[in-house]
Amino acid sequence: VTGDGYEVYAKSSFTQNIIKQSVQGRFDLDWSINDNYLLQAGLGTNLDFTSSDQDGTMWTIVQGEVPEYRSINFKSTADDTKILTSFIYTNLNASLKPDLLKMDLGVRSDHAYFTEGDDFTLNTYPDVSPRVNFVLTPPIENDFFKDNTFSLGSGIFSKNPFTVGGLREDLGIEDFEL
């Protein structure tokens, strides 16, 4: 069976240029309670300066009375974006059974503040990230176990997503929505 055919031209492209510079600082303290317990605490900050340009063409189905497959051109610029991320943490390292079982128990809180130019700022909720990790060193005398340990842990870890450098006022995000 032969019939008429058609070809759909759907070439898409995307270009993104990002310039990022960072300054960071931190302060940490350790308190040795005894030979088996070490308490740690600290705070710090990262300040990122970002500028980005992105543009491109993509194809999508636009819903209407009759759905239409259409090319969309886009362009976005985020100049002079600053992201201030601060953190505070406390941690307890405990040797529960010396040379056999160790525990690392802690909590960290992160907070981010964004600015773009002189007009747009965005404040975020601080997040609280607990974590725990156990390390077992088997007391077996052979070559395999001599240099190996087993660990089991769980925790919540946070990080600003890669896309935060593109936050802009026209996106309609308000303070404490993130």
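Computed from a predicted model, the values in this text were never measured in an experiment. (Residues numbered from 1 in each chain as written. Predicted model: local features only at pLDDT ≥ 70, side-chain atom pairs only at ≥ 80, totals over all residues. Heavy atoms only, no water.)

### As for the overall build of the protein chain
Part 1 of the reasoning: Secondary structure summary: the protein chain contains one helix and seven strands in total.
Part 2 of the reasoning: When the helices and strands of the protein chain are listed from N to C terminus, the series reads β-β-β-β-β-β-α-β.
Part 3 of the reasoning: Taken over 178 residues, the protein chain has a buried fraction of 22%.
Part 4 of the reasoning: When the accessible area of the protein chain is evaluated, it comes to approximately 13,000 Å², of which 55% is carbon and sulfur surface. (Helix = DSSP H or I, 4+ residues; strand = E, 2+ residues; numbered from the N terminus. Buried < 20%, exposed > 50% of the residue type's maximum accessible area, 1.4 Å probe, protein only. Areas by Shrake-Rupley, 256 points an atom, 1.4 Å probe, with all protein chains shown as cover.)

### As for the pattern of salt bridges
Part 1 of the reasoning: For the coordinates displayed, the defined rule picks out five salt bridges.
Part 2 of the reasoning: Across the pair Lys 75 and Asp 55 runs a salt bridge whose closest N-O atoms are separated by 4.0 Å. Residue Lys 75 is located in strand β3 (residues 68–97), and its partner Asp 55 is located in strand β2 (residues 37–62); the two are separated by 20 residues in the primary sequence.
Part 3 of the reasoning: Lys 75 gets classed as exposed once you look at its relative accessible area, which sits at 63%.
Part 4 of the reasoning: Owing to a relative accessible area of 31%, Asp 55 belongs among the partly exposed residues under this scheme. (Salt bridge = Lys/Arg side-chain N within 4 Å of Asp/Glu carboxyl O.)

### Comments concerning the pairing of strand β7 (residues 150–155)
Part 1 of the reasoning: Within β7, only zero of the six residues are buried, which leaves it mostly out in the open.
Part 2 of the reasoning: Here strand β6 (residues 127–136) pairs with β7 via six bridges, running antiparallel. By the bridge assignment for β7, Phe 134 is matched with Leu 152. (Pairing = 2+ DSSP bridges.)

### Some words on the confidence of the model for the protein chain
Part 1 of the reasoning: The pLDDT averaged across the protein chain works out to 82; a share of 87% of its residues lies at or above 70.
Part 2 of the reasoning: When mean pLDDT is taken per element in the protein chain, β6 scores highest with 91 and helix α1 (residues 143–146) scores lowest with 68. (pLDDT = per-residue confidence, 0-100.)

### Here's the deal with the nonpolar core
Part 1 of the reasoning: Ile 83, Ala 112, Phe 114, Phe 120 and Leu 122 form the largest nonpolar core, which has five residues in total.
Part 2 of the reasoning: If you list the elements that add at least two residues to this core, you get β4 (101–116) and β5 (120–123). (Core = buried A, V, L, I, M, F, W, Y, C linked by side-chain atoms within 4.5 Å.)

### As for the side chain of Gln 54
Part 1 of the reasoning: For Gln 54, the location among the structural elements is in strand β2.
Part 2 of the reasoning: Of the polar contacts made by the side chain of Gln 54, one reaches the side chain of Gln 16; its length is 3.1 Å.
Part 3 of the reasoning: Beyond its immediate sequence surroundings of up to four residues, Gln 54 is in contact with Phe 14, Thr 15, Gln 16, Phe 74, Lys 75 and Ser 76. (Polar contact = N/O pair within 3.5 Å; in protein donor to acceptor, adjacent residues only side chain to side chain. Contact = heavy atoms within 4.5 Å.)

### Brief notes about the packing of aromatic side chains
Part 1 of the reasoning: In this structure the tally under the stated criterion is three aromatic pairs.
Part 2 of the reasoning: The lysine or arginine in question, Arg 108, covers the ring of Phe 87, its NZ or CZ lying 4.1 Å from the ring centre. (Phe/Tyr/Trp six-rings, centres within 6.5 Å; stacked < 30°, edge-to-face > 60°. Lys NZ or Arg CZ within 6 Å of the ring centre and 35° of its normal.)

### A look at the pairing of strand β1 (residues 13–34)
Part 1 of the reasoning: Direction of pairing for β1 relative to β2: antiparallel, over a ladder of 21 bridges. Pairing of Lys 20 across the sheet is with Thr 50, part of β2.

### Remarks on unusual backbone geometry
Part 1 of the reasoning: In this model, Asp 99 sits at a positive phi of 65°, which is unusual for a non-glycine residue.
Part 2 of the reasoning: The topology assignment puts Asp 99 in the loop between β3 and β4.

### What about the environment of Lys 20?
Part 1 of the reasoning: With respect to the element layout, Lys 20 can be found in strand β1.
Part 2 of the reasoning: With a relative accessible area of 53%, Lys 20 lands in the exposed category.
Part 3 of the reasoning: Sequence separation between Lys 20 and Thr 81 is 61 residues, and the spatial gap between their C-alpha atoms is 9.4 Å.

### Thoughts on the side chain of Asn 123
Part 1 of the reasoning: Inspection of the secondary structure puts Asn 123 in strand β5.
Part 2 of the reasoning: Within the local environment of Asn 123, its side chain forms a polar contact with the side chain of His 111, the two groups lying 2.7 Å apart.
Part 3 of the reasoning: In this structure Asn 123 touches His 111, Ala 112, Tyr 113, Asp 175 and Phe 176, once residues within four positions along its chain are discounted.

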